[in-house]
Amino acid sequence: MPFAPAARLSLAPLLAPALALALALSGCAASDSADGSGAAPRKTEASATTGHPVRPPRAHDPFDYQLGGAYDPPEGVRTVIRDRTAAPDPDPGVYNVCYVNAYQTQPDAVAWWRKNHPDLLLRDADGATVVDEDWQEPLLDISTDDRRDRLAGIVGGWIDGCADRGFDAVEADNLDSYLRSDGLLDRAQAAAFARLLAGRAHRAGLAIGQKNAAEMTGVRDGIGFDFAVAEECARYEECDVYADAYDDRVLVIEYRRADLTVACREWGDRLSVVLRDRDVVPAGEPGHVNARC
């Protein structure tokens, strides 16, 4: 989802524990790999389940971010991100990424979660759900192995649906929800859940993108991420972190024209950059903004 216009945390204190987390992930990863080695599936190999090659988007291909509704991509666009409820772009030359809200609930799905899986919603000591106030999205409870496994079954079903619909990759949003959990969740739990989702995506023949959370790029190999989707990395001077971690396979979304100018000047010859309105409304609707380098 688009970032709410709020202050971002400095990366300096967040990057320090990354090595320890990477070592922990590499030591406990064996159950998710196809061969039991614990290694993330190689991007050039076929999925063991589908036989389809798992391939990330190409670096620097023009792309569009269409979460608010699908429309014909602007001329020259070769990568498109759409919500999992939308159909992928039918052009065979377009690389399609499927958006999944993996760590929080969509506002219109809260009643479903409360009815069917109330214990998978994160709750505070008083039993109240913990909510991302910027978007009014309750957080999912990834605090235990059992809850992560059950959530992976639900979210994994959505990922399988993305593959069935013809998408090439999945973007699992809100990896950084632990930062909004009032201390009830931590980065290691977020990474452990991401490993389950990455394994599910690869088995379905899909690449999977790290969404934001620049402080977690150091554990990408232990998780199995294939590329990154980075909102406002030029604004917050984080694009280099993603570019280094993902060999320039980074899809950058900026929401201010001044930040687009910076992104294009510093990264336009390496990364895929787009300017969108914060509501990411479809083309033709009031407020639609869409520009690239």
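Residues numbered from 1 in each chain as written. Predicted model: local features only at pLDDT ≥ 70, side-chain atom pairs only at ≥ 80, totals over all residues. Heavy atoms only, no water.

1. Describing the packing of helix α4 (residues 145-165) against helix α5 (residues 187-203)
Then step 1. For the pair α4 and α5, the least separation of the axes is 9 Å and the interaxial angle reads 40 degrees. Viewed along their axes, α4 and α5 adopt a mutual orientation that is oblique. The handedness of the crossing between α4 and α5 comes out as right-handed. Of α5, the residues touching α4 (which contributes R148, D149, L151, A152, G153, V155, G156, G157, I159 and D160) are Q189, A192, F193, L196, L197, R200 and A201.
Then step 2. Class assignment of the residues belonging to the contact of α4 with α5 gives a composition of nine nonpolar, four polar and four charged. (Axes fitted to C-alpha atoms, helices over the stretch in contact; angles between N-to-C directions. Helix = DSSP H or I, 4+ residues; strand = E, 2+ residues; numbered from the N terminus. Parallel < 35°, antiparallel > 145°, perpendicular 65-115°, else oblique. Left-handed = near helix turned anticlockwise from the far one by under 90°. Contact = heavy atoms within 4.5 Å. Nonpolar A, V, L, I, M, F, W, Y, C, P; charged D, E, K, R; others polar.)

2. Notes on the sheet that holds strand β10 (residues 272-276)
Each strand in a sheet pairs with another by means of backbone hydrogen bonds, the pair being arranged parallel or else antiparallel.
Then step 1. Strand order in the open sheet formed by nine strands is β1-β2-β3-β6-β7-β8-β9-β10-β11, and the pairing between neighbours is mixed. Bordering the open sheet on either side are β1 (63-66) and β11 (290-292), each of which pairs with just one other strand. Neighbouring strand axes in the sheet, compared pairwise and without regard to direction, differ in orientation by 25 degrees on average.
Then step 2. Sheet topology note: the strand β7 (residues 207-211)/strand β8 (residues 227-231) ladder contains three bridges and is parallel. (Pairing = 2+ DSSP bridges.)

3. Here's the deal with the nonpolar core
Then step 1. Counting 60 residues, the largest nonpolar core has Y103, F193, L197 and M216 as the members making the most contacts within it.
Then step 2. Those residues in contact with Y103 that lie beyond four places of it in its chain are L139, L140, I142, D173, N174, L175, S177, A190, F193, A194 and L197.
Then step 3. Counting residues in hydrophobic clusters, the runner-up holds 17 residues, among them L67, A169, A207 and V280. (Core = buried A, V, L, I, M, F, W, Y, C linked by side-chain atoms within 4.5 Å. Buried < 20%, exposed > 50% of the residue type's maximum accessible area, 1.4 Å probe, protein only.)

4. Focus: α4
Then step 1. Its 21 residues give α4 an end-to-end C-alpha distance of 30 Å, which sits within 8% of 30 Å, the value for a rise of 1.5 Å per residue.
Then step 2. The largest bend in α4 comes to about 25 degrees, at G153.
Then step 3. Burial in α4 covers these residues: R148, L151, A152, I154, V155, G156, I159 and C162.
Then step 4. Packed against the buried residues of α4 are β3 (95-101), α3 (110-116), β6 (169-173) and α5. (Expected span 1.5 Å × (residues − 1). Bend = angle between axes of the 7 residues up to and from the residue.)

5. Some thoughts on helix α8 (residues 257-267)
Then step 1. Where α8 is concerned, the buried positions are D259, L260, A263 and W267. Buried residues of α8, seen end-on, are gathered within an arc of 105 degrees and therefore sit on one face of the element. Opposite the buried face of α8, by more than 90 degrees, sit the exposed residues R257, A258 and R265.
Then step 2. Elements that come into contact with the buried residues of α8 comprise α7 (239-246), β9 (250-254), β10 and β11. (Arc of directions from axis to C-beta.)

6. Observations regarding the packing of aromatic side chains
Then step 1. Under the counting rule described, the total for this entry stands at three aromatic pairs.
Then step 2. Between Y103 and F193 the ring centres are 5.1 Å apart and the planes differ by 85 degrees, which places this aromatic pair in the edge-to-face class. Here F193 lies in helix α5 and Y103 lies in the loop between β3 and α3, a separation of 90 residues in the sequence. As far as burial versus exposure is concerned, Y103 and F193 are alike and both buried.
Then step 3. Counting every residue linked through ring pairs, the aromatic cluster contains W112, W113 and W158.
Then step 4. Sitting over the face of the ring of W158, R84 holds its NZ or CZ atom 4.1 Å from the ring centroid. (Phe/Tyr/Trp six-rings, centres within 6.5 Å; stacked < 30°, edge-to-face > 60°. Lys NZ or Arg CZ within 6 Å of the ring centre and 35° of its normal.)

7. A word on the pattern of salt bridges
Then step 1. Under the criterion given, the structure shown has 22 salt bridges.
Then step 2. Notably, a salt bridge pairs R55 with D168, separated by 3.2 Å at the nearest N-O pair. With a gap of 113 residues between them, R55 in the loop between α2 (18-27) and β1 and D168 in the loop between α4 and β6 connect regions that are remote in the sequence.
Then step 3. Assessed through its relative accessible area of 41%, R55 is described here as partly exposed. (Salt bridge = Lys/Arg side-chain N within 4 Å of Asp/Glu carboxyl O.)

8. A look at the state of the cysteines
Then step 1. Following the criterion strictly, the structure yields three disulfides and no others.
Then step 2. The side chain of C98 participates in a disulfide bridge whose partner is C162; the two sulfur atoms lie 2.1 Å from each other. Because the torsion about its S-S bond is -50 degrees, the bridge between C98 and C162 counts as left-handed. Taken together, the residues C98 in strand β3 and C162 in helix α4 connect sequence positions 64 residues apart.
Then step 3. The buried category is assigned to C98, whose relative accessible area is 0%.
Then step 4. Through a disulfide, C264 is tied to C293; the S-S separation comes to 2.0 Å. Taking the sign of the torsion about the S-S bond as the criterion, the disulfide between C264 and C293, at about -95 degrees, is left-handed. Here C293 lies in the segment after β11 and C264 lies in helix α8, a separation of 29 residues in the sequence.
Then step 5. On the accessibility criterion, C264 (23% relative accessible area) is partly exposed.
Then step 6. On the basis of relative accessible area, C293 is assigned to the exposed category, the value being 52%. (Disulfide = S-S within 2.5 Å.)

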